[in-house]
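# Structural overview for review
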Amino acid sequence: MVAKDKMKLLLITLSASASLATLVCRESEFSCDGSRCIPRKWLCDGDPDCTDGTDEMTTNCPAKEGDGAKSCRASEFQCGNGNCIPQTWKCDGQDDCRDNTDEEDCEKTCRETQFQCVSDKQCITKKWRCDNQKDCQDGSDEENCEQEAVTVPPHMFRCESGITIPTRWVCDGQDDCRDNTDEEDCEKTCRETQFQCVSDKQCITKKWRCDNQKDCQDGSDEENCEQEAVTVPPHMFRCESGITIPTRWVCDGQEDCSEGSDEKDCPGGEDKKPAERSDPCRDNEFQCGAYCIMATWVCDGGVDCPNGEDEANCDKECPESHFTCSNKQCILGHLRCNGEKECADGSDESECPKVPAVTDAPKVECNLTSHFLCSLNKCIHRRNLCNGRNDCGDWQDESEEECGVNECERNNGGCTHLCVDSKEGYHCECRTGFRLVGKYTCEDIDECLEVPGTCSQQCTNTNGGYHCSCLPGYERDPGNYTRCKASTGEPYLLFSHRYDIRSLRLRDNDMTSVVSDAREATALDYLFTGHQIIWSDNKENQIIRANITTPEEREILVTGEQVSADGLAVDWIHNHIYYTDTGNFKIRLVSWDAKWSKTIVQEELGQPRAIVVSPLDGYIFWTDWGMSPKIERAGLDGEGRTAIVTAPHVYWPNGITIDLPNNDLYWCDGKLNTISKARLDGTQIEVVLFSPSVLRLPYSITVFEDRLYWTDWSQLALYSANKFNGEDIHNVSAGHLLESPKVVHVFHEYRQPSGENVCNSHTCSHLCIRSPLGLAKCMCPDGLLLSTRDSISCIEGVISCPYYFNYFLQVVLFSPSVLRLPYSITVFEDRLYWTDWSQLALYSANKFNGEDIHNVSAGHLLESPKVVHVFHEYRQPSGENVCNSHTCSHLCIRSPLGLAKCMCPDGLLLSTRDSISCIEGELSDIVDLSSEPGNPVIPIMPSDFDYTKEEIIPLETNKYEKMTTLEGSNFSLIFAVGVGSAVVLAIVVMVLVGLWRKRVAAEIPHMRFPNPVYRKTTDEEMDGGGYIIGHDDLLFKPTTVQYTEGPDIPEGDADDTPLAPKK
């Protein structure tokens, strides 16, 4: 078609150029409008080429073969209008002739497993027949369905509209039938351990009844409390605000009650005054409440703190294009008086000019280019002109004056689908599911690729439409067959709520407390198969695990004074836990039994926050809101790290989650006020929802089915919206929260689908993960290295390379005041402990960075301690004793290669016959100790010596000595020639050796890192292992190495000559 159009344009141009002067066309041409010529073969081809359409008038079409009528080839079909189309296009369900003659008298048959649509004879699968979704363009697949006997299974419920839904959807608070018949005659009841609110019948735990906190929306849980005796358990303390906390938190130096009543009147007076907490924010950050934001965000015109304190007391002036709020906040000028409060104090909507009341309707302004102004002062679109409808109200839009000639009456105007007549002419339109290509042709739209969210999960494109289907475990929503819902299980929301962790049942908003007595619950995740929940308490600096059924039985997995996990994710396939250690700026992995841990990401981390794992793909994803905000991806071992989303798509990325059925990554940004999504490789980024009013400070996000759920720092609520377009926003928590929720997750088995654990068929000594290629890979915890012999075992050791050593030195702590005379040191968990000759104390510090130094002995020592050790079983872990399978007569040790080796005590020698037994003997038996001390003489045994007999042969009676002499007059000549040859050969050897050493020295690279430098002397040379070989003996000569930091350190060469710094 494109080639034809180009040829037409070329011929029109040439014919116009040749005939412009005379306007006379050749016999093979047709005169268009009297101004140009077109080839006669273009007459009546269904494509108007003349501006007035005369080439398509029936009066100009040749009727007979002799009159120039077109003839088609044997492989073509001739349409009723004379056009030729390929035979394969006949009876294909599409009007290719543009007069439908190619679709007449067609008898198209479908397979037994298919249903044939009535109008276009299209074939669809019989599974789509009578499923309440029109898959045929004419809807014939949904006609006469009442004639077919449809049996409703026992687990299904038939709505009055005729659709069927699962019985578990009945009386769940949602109109699934779309006529509300599934929610009629429902009586909601609560369990014995719950209290039912009066207005909305919501169920809450009885523990929240009469606790001075309104958990019901109508506050009915706090009514008539004087009639009930509210008893505080002995192990609990009631704050002045009404909340209760464990008594062990009282007078512990930290305020757990919001008003600080737990730290009042504590024994000890001022000496026991609560210690001020250190500033949790860094130098380049600003603290607002319990959170930290970047200091550069203060007074930038955008509210980043929940209470807006980052924009308060700002002295800077706003630009002329901005409006200055009463709290000195800056907003864009056009947002002033727009009906929405953009200023935190709402001053942008105060003193707004009132809109004058409209008395007389003014004359309607109409864009006459695209619209038509009726005489009744009504503006209609020009596409409504001459459409056979009274759009103006007085039929002016259908009058002969406006419509004139109806070109659509002749050959449908050449349009494939619909022809719309207008005053200026006409235009073509397409039926639903098609788009107009060019002026006349319609082609099918692939909604599955071009319209996001067309189907929840699986989408099949059809001619003029599409068909939706669901993944295993999901079923189509009878009320909307494009949506998929989980076929089993009850979805809940799990979210951290500072003092507790709560669950919210989505079908009826039933809320209950899962974990109580938390001090500052932040990050959380769960293992569905084990019904276990894992959360971080950033006040206790712990990561804790408990069973959901018995949450009071808790297990501390990670603890440390600087452990602060804002993000936490569970690898439910390989049983690992990942968390973002925001206190130490690391991402760490912990084995499920908490026996092993490993730092997998450490370099160039800014402010890591949320983390999510995809064990089926072998990746982890995390958000980083530091100076270079980004979303990064890496393998489960931290390898292959890459930033997949960067600015301007992120500014303050917080929560992150994965939509597993569609392999989409969602995240929320607190600075951009957006929820966005992308593919798992960071491509196809799009904003799902932008709303400064709803998304003020979004913190955490999760997804299930077709809904997004998120929390907000500044809101006491949980929100939900459509995951495809961000529409249908509503509050799912109904205002029953006392604190702003932190991290939220959907608790459902489909959020952790089953998959192959490649580590089950692979043995690793410590840790095993899945690589992105789907292969098992062994890893070692911090402090151990993976053996290069089997790539399975973890061993202790240092990394070395052949021919030279790499010394990886790191100064952990430098302090002349604290480390005056350190004497002994030990380590346990993340702490170092040491003694000092000059101090009456034992000190401790972080083993990674030397921070958090404090005295652990508290001054109770009379003498300076000497050697110190940590007494704990993990300081002496169990391992294989290789000597158990090896016999030694006296001593047995393990070699660095992991092999058993026998040794003998002083006074005994190891037998050379079996290397096991120790025998009596002295070196004097084989060495003449009477010789010079520096030159021991060791006899050389002849080749025929019998070693089987313990026979010592004295030197002075050597029976194997022979003497041979040279006789003859030529002795002097022979001697002279021999000496001369020896001298020449020695010179040649010396020259070659010198050249070789010079070349080798030139090829040895100078290393930038410090290395021990050994001095060469004329009578000593290095053996390559730190030893010096002298003429008289074998010595080890240590050298002093100075390590100096700085870019301009002179490098040492082999002769100790300082070299210039490298440029």
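Small disclaimer: the values here were computed from a predicted structure and weren't measured.

## Quick notes on the environment of leucine 786
One can find leucine 786 in strand E53 (residues 785–786). With 10 residues separating them in the primary sequence, leucine 786 and glutamate 796 have C-alpha atoms 8.7 Å apart. With near-sequence residues (within four places) excluded, leucine 786 lies in contact with Cys778, Cys780, Ser791, Ile792, Ser793 and Cys794.

## Overview of the nonpolar core
Trp535, Tyr578, Ile620 and Leu665 are the most contacted members of the largest nonpolar core, which has 70 residues in total. Here the element with the most residues in this core is strand E30 (residues 521–527); it accounts for 5 residues. Beyond its immediate stretch of four places on either side in the chain, tryptophan 535 contacts Ile501, Val515, Ala521, Ala523, Leu524, Gln542, Ile543, Ile544, Arg545, Ala546, Arg554 and Leu568. Of all hydrophobic cores here, the second largest spans 22 residues; its members include Phe195, Cys470, Tyr709 and Val744.

## What to know about the sheet that holds strand E37 (residues 597–601)
Across the sheet, 4 strands lie side by side as E34-E35-E36-E37; this open sheet has antiparallel pairing. The open sheet terminates on both sides in strands that have one partner only, identified here as strand E34 (565–571) and E37. Adjacent strand axes in the sheet meet at a mean angle of 25° when their direction is disregarded. By the bridge criterion, 6 bridges tie strand E35 (residues 576–581) to strand E36 (residues 586–591) in an arrangement that is antiparallel. When the bridges of E36 are listed, isoleucine 577 appears paired with valine 590.

## Focus on the state of the cysteines
In total, this model carries 20 disulfides according to the counting rule given. Disulfide pairing is shown between cysteine 374 and cysteine 392; the S-S distance is 1.9 Å. With the S-S bond torsion at -65°, the cross-link from cysteine 374 to cysteine 392 turns out left-handed. With cysteine 374 in the loop between strand E17 (371–373) and strand E18 (379–381) and cysteine 392 in the loop between E18 and helix H2 (400–403), this pair connects stretches of sequence that are 18 residues apart.

## Some remarks on the packing of aromatic side chains
Two descriptors summarise a pair of aromatic rings, namely the distance from one centre to the other and the angle between the planes of the rings. Under the counting rule described, the total for this entry stands at 10 aromatic pairs. Taking 4.7 Å as the distance between ring centres and 55° as the angle between the ring planes, the aromatic pair formed by tyrosine 526 and phenylalanine 747 counts as tilted. One end of the pair, tyrosine 526, is in strand E30; the other, phenylalanine 747, is in strand E50 (residues 744–747), with 221 residues separating them in the sequence. Each member of the pair, tyrosine 526 as well as phenylalanine 747, carries the same accessibility label: buried. With a centroid separation of 5.0 Å and an interplanar angle of 45°, the aromatic rings of phenylalanine 528 and phenylalanine 747 are classed as tilted. One end of the pair, phenylalanine 528, is in the loop between E30 and strand E31 (532–537); the other, phenylalanine 747, is in strand E50, with 219 residues separating them in the sequence.

The rules behind the values
Residues numbered from 1 in each chain as written. Predicted model: local features only at pLDDT ≥ 70, side-chain atom pairs only at ≥ 80, totals over all residues. Heavy atoms only, no water. Helix = DSSP H or I, 4+ residues; strand = E, 2+ residues; numbered from the N terminus. Contact = heavy atoms within 4.5 Å. Core = buried A, V, L, I, M, F, W, Y, C linked by side-chain atoms within 4.5 Å. Buried < 20%, exposed > 50% of the residue type's maximum accessible area, 1.4 Å probe, protein only. Pairing = 2+ DSSP bridges. Axes fitted to C-alpha atoms, helices over the stretch in contact; angles between N-to-C directions. Disulfide = S-S within 2.5 Å. Phe/Tyr/Trp six-rings, centres within 6.5 Å; stacked < 30°, edge-to-face > 60°.

None of this, on its own, says anything about what the molecule does.
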